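A look at the structure
Listed below are the residues making up each chain.
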Amino acid sequence: MATATFRIWRGDPNGGKFHEYVAEAAPGMVVLDAVHAIQASQANDLAVRWNCKAGKCGSCSAEINGMPRLMCMTRLTQLTLDKPITIEPMHTFPVIKDLVTDVSRNFRAKIQIKPFKPRKPDAPDGTWRMAQPDVDRVQEFRKCIECFLCQDVCHVLREHHLHDKFWGPRLYVYSAALEMHPLDVEDRSGELRGAGGIGYCNITKCCTKVCPESIKITDNAIIPLKERVVDHFYDPLSRLFRAFGAK
Amino acid sequence: MSNFPAVQARAFGRTMRRDLWWVQPLAVFLGLGAFVVYATWAAFQGAYYHFGPYLSPFYSPELLGSWHPWIGGKPLWWPAWLIFSPAFFVLWGPGGFRLSCYYYRGAYYKAFWADPPSCAVGEPRKLYLGERSFPLIVQNIHRYFFYIALFFIGDLAYDAWNGFHFDGHWGMGVGSLVLLVNVVLLSLYTFGCHSFRHLSGGVLDRISGRPVRKRVYDCVSCLNGHHMRWAWISLFWVAFSDFYIRMCAMGIWHDWRFF
């Protein structure tokens, strides 16, 4: 059976380095399989977070050969095996141990976003009516598995560490799901521009590129939210129309 | 938990990526750079911008000029030391539209400013202001450049129409088709604009009750999905349109007539 060399970053908050392991590379294996094999036979204390191994829990996010990816969804056949395969933890988040990072910052930022606020019920029994075309747009955002690969690759967080001023792609997707919901009546444009720092996004589309759910984060979430911010803060004509009650 | 990053930030251009990540930003740099150089050179010529019924898109509309100007000739107040060209009064419009375009922004921030050079690749500088402060906050006026671009689409459609009229008679030359294709490609790019997508229906949370707007929004969304493609094809073709007319006007190329 063929083998492959894996260079796995191992360390803790004080630092770390790459360690090399050789493991079997059988047909059909994904990177997470190889990491588990190494953990079972060569490095019992190797820390790796995982759950479903089906690309739906978003736990096994890492950087494989320099690109943020889910370990469970990256087949070894997608990689070149004649060179060592590098596996690192996500750069954007503080490391806990080895491949496990602390992503709690995302959840702390999430609670800053105004929650869902539905309009008054449409029917006397307290229920609402929604048309499918109106729901379709936000359905895309509900596919997000919160793997935070988009947060990891975003250079505003990764390179410039603006964690306190910039929510990041995942939280813009969450905001878009609320903001564009056909029942929601809350206005989040102020916080998107302020605490959310959406103006820091310079539309590199890296978040879209790494999304394992193929959500068009930039085109369908971030840019439409940027345009809503323009409506409210930068476009005098839009403000004029809104003053006369048009939306 | 410590805020210590997992792995130390990498220096400019350093990455663990194995793919040819530098190819795309380099291609954008060369493509956009070549266009800017050619468009600037063509704009400063001030000559060979019309041939027969054809008018170069770099010079249309000819507000001030010597062929069929809308307003008049070279203004008397124009400084003698400054080169005069009708293109100076035109190119700021479509140029501003492309410069503030959401697609081009992402592309040239990478290719010309390395911010970032590519996804997950080390950057050259630590200071980052984004589009939140001056000067890039100005990009928020993109929708106004879209309104201006609409005017240019109408103007170039008129030029394409004129391109089929030779001395008061219907006719068709290669140049007629070049200008027709030009306005079609520019329309496919312009009407796929992200700002137009927002204005046409994206601003609404409930669009189902407005069938006309929904139809428009769906069409714009469809074009928007290929915005990058139309941006590049139309960019190439508008430069080629100028080049074709310039070559014909200089007598280097012959405009082959179908009828």
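Residues numbered from 1 in each chain as written. Chains lettered and ligands numbered in written order. Predicted model: local features only at pLDDT ≥ 70, side-chain atom pairs only at ≥ 80, totals over all residues.

A separate point is the interface of chain A and chain B. Listed by partner, the interface residues are 50 residues for chain A and 41 residues for chain B. Elements with a minimum of two residues in the side of chain A that touches chain B: strand 4 (67–70), strand 5 (85–88), strand 6 (95–97), helix 3 (132–139), helix 5 (155–158), helix 8 (206–210) and helix 9 (217–233) of chain A. (Contact = placed C-beta atoms within 7 Å. Helix = DSSP H or I, 4+ residues; strand = E, 2+ residues; numbered from the N terminus.)

With that settled, the discussion passes to the confidence of the model for chain B. Residue and element names in this part refer to chain B. Overall, the predicted model of chain B reaches an average pLDDT of 94, with 97% of residues at or above 70. Within the model, the stretch residues 1–6 combines pLDDT values under 50 with 18 contacts to residues more than four positions away or in other chains. Across the interface, the model reports ipTM at 0.93; the global pTM reads 0.94. (pLDDT = per-residue confidence, 0-100.)

Turning to helix 5 (residues 174–190) of chain B, a few remarks are in order. Residue and element names in this part refer to chain B. In a regular helix each residue adds 1.5 Å, so 17 residues correspond to 24 Å; helix 5 covers 24 Å between its end C-alpha atoms and thus fits that length. Buried residues of helix 5: Gly-175, Ser-176, Val-178, Leu-179, Asn-182, Val-183, Leu-185, Leu-186, Tyr-189 and Thr-190, and no others. Turning to helix 5, the residues buried within the fold contact strand 1 (50–51), strand 2 (54–55), helix 4 (142–162) and helix 8 (227–249). (Expected span 1.5 Å × (residues − 1). Buried ≥ 20, exposed ≤ 12 C-beta atoms within 10 Å, placed from the backbone.)

This part is about the packing of helix 1 (residues 23–45) of chain B against helix 3 (residues 102–113) of chain B. Residues and elements named next belong to chain B. The interhelical angle for the contact between helix 1 and helix 3, taken along N-to-C directions, is 95°, at an axis separation of 8 Å. With respect to helix 3, the axis of helix 1 lies roughly perpendicular. Between helix 1 and helix 3, the contacting residues are Pro-25, Val-28, Phe-29 and Leu-32 on the first element and Ala-107, Tyr-108, Lys-110, Ala-111 and Phe-112 on the second. (Axes fitted to C-alpha atoms, helices over the stretch in contact; angles between N-to-C directions. Parallel < 35°, antiparallel > 145°, perpendicular 65-115°, else oblique.)

We now examine the environment of Met16(B). Residues and elements named next belong to chain B. Positionally, Met-16 belongs in the segment before helix 1. Since 20 C-beta atoms lie within 10 Å of it, Met-16 is described here as buried. Sequence-wise, Met-16 and Gly-122 are 106 residues apart; in three dimensions their C-alpha atoms are separated by 10.0 Å.

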